[in-house]
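Per-entry structural report
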Amino acid sequence: MNVLKKIVMLPITIMMGLVGCSTGSTKTYVLTTTSYGYDTNYIPYIVELNQEELGGGFGSGTKRSAVLTGSQFVKWGETNSSRKHTAINVPILTSEEIKGKKYLAVHLYPDDSVEITLSNELPRATKKGLEWRAKIIDELNAKEKK
């Protein structure tokens, strides 16, 4: 019986090992995270990166979060409705990009695209995000004047 177990288990063990190698390995880093939402129609809440909740509040709230290398799936909700957002793009982070960094910021744009920035100091709003925000505010002001 013992020999039979070895004969059956050997191919299974080898296959499992190969599956583990072929899926690519991810590495986990712990970074201080925050998020920036640029849509003036709502405030984003419960921003998640690969199902890990991040800090928020337009950069004013931070949280220590586990960040995996590889594909980054981002989701968030709205404070003034039950609408849930999923990013239309999937950024990829590598160990080389993350290594030595202290902060990660997820930038949520009004078209549901996201950008991830890494830094050694508390992140700031992106130029692209501030331009989006200014455009939306200008549109709202134009509507009010009518």
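Refer to the preceding data block for the structure.
Residues numbered from 1 in each chain as written. Predicted model: local features only at pLDDT ≥ 70, side-chain atom pairs only at ≥ 80, totals over all residues. Heavy atoms only, no water.

**A short note on the sheet that holds strand 4 (residues 63-68)**
The strand order across the open sheet built from four strands is 4-1-9-10, with neighbouring strands paired in mixed fashion. The sheet is open, and its two edges are formed by strand 4 and strand 10 (114-119), each paired on a single side. Recorded for the sheet is a direction-independent mean angle of 40 degrees between the axes of neighbouring strands. As judged from the six bridges shared by strand 1 (residues 28-37) and strand 9 (residues 103-108), these two strands associate in the parallel manner. Bridge assignment links Thr 33 to a residue of strand 9, and that residue is Leu 104. (Pairing = 2+ DSSP bridges. Helix = DSSP H or I, 4+ residues; strand = E, 2+ residues; numbered from the N terminus. Axes fitted to C-alpha atoms, helices over the stretch in contact; angles between N-to-C directions.)

**Some points on the side chain of Ser 65**
You can see Ser 65 is positioned in strand 4. In this structure, Ser 65 is in contact with Tyr 29, Val 30, Leu 31, Thr 33, Glu 52, Glu 53 and Leu 54, ignoring residues within four places of it in sequence. (Contact = heavy atoms within 4.5 Å.)

**Topic: the pattern of salt bridges**
Under the criterion given, the structure shown has three salt bridges. For Glu 52, the salt bridge goes to Lys 63, with nearest N and O atoms at 3.1 Å. With Glu 52 in strand 3 (residues 52-53) and Lys 63 in strand 4, this pair connects stretches of sequence that are 11 residues apart. You can call Glu 52 partly exposed: its relative accessible area is 23%. When its relative accessible area of 31% is taken as the criterion, Lys 63 is described as partly exposed. With a shortest N-O distance of 3.5 Å, Arg 83 and Glu 78 are connected by a salt bridge. Here Arg 83 falls in the partly exposed class, since its relative accessible area comes to 45%. (Salt bridge = Lys/Arg side-chain N within 4 Å of Asp/Glu carboxyl O. Buried < 20%, exposed > 50% of the residue type's maximum accessible area, 1.4 Å probe, protein only.)

**As for the environment of Thr 86**
Considering the arrangement of structural elements, one finds Thr 86 in strand 7 (residues 84-86). For Thr 86, a relative accessible area of 49% gives the class partly exposed. Excluding residues that lie within four positions of it along the chain, Thr 86 makes contacts with Val 74, Lys 75, Trp 76 and Asp 112.

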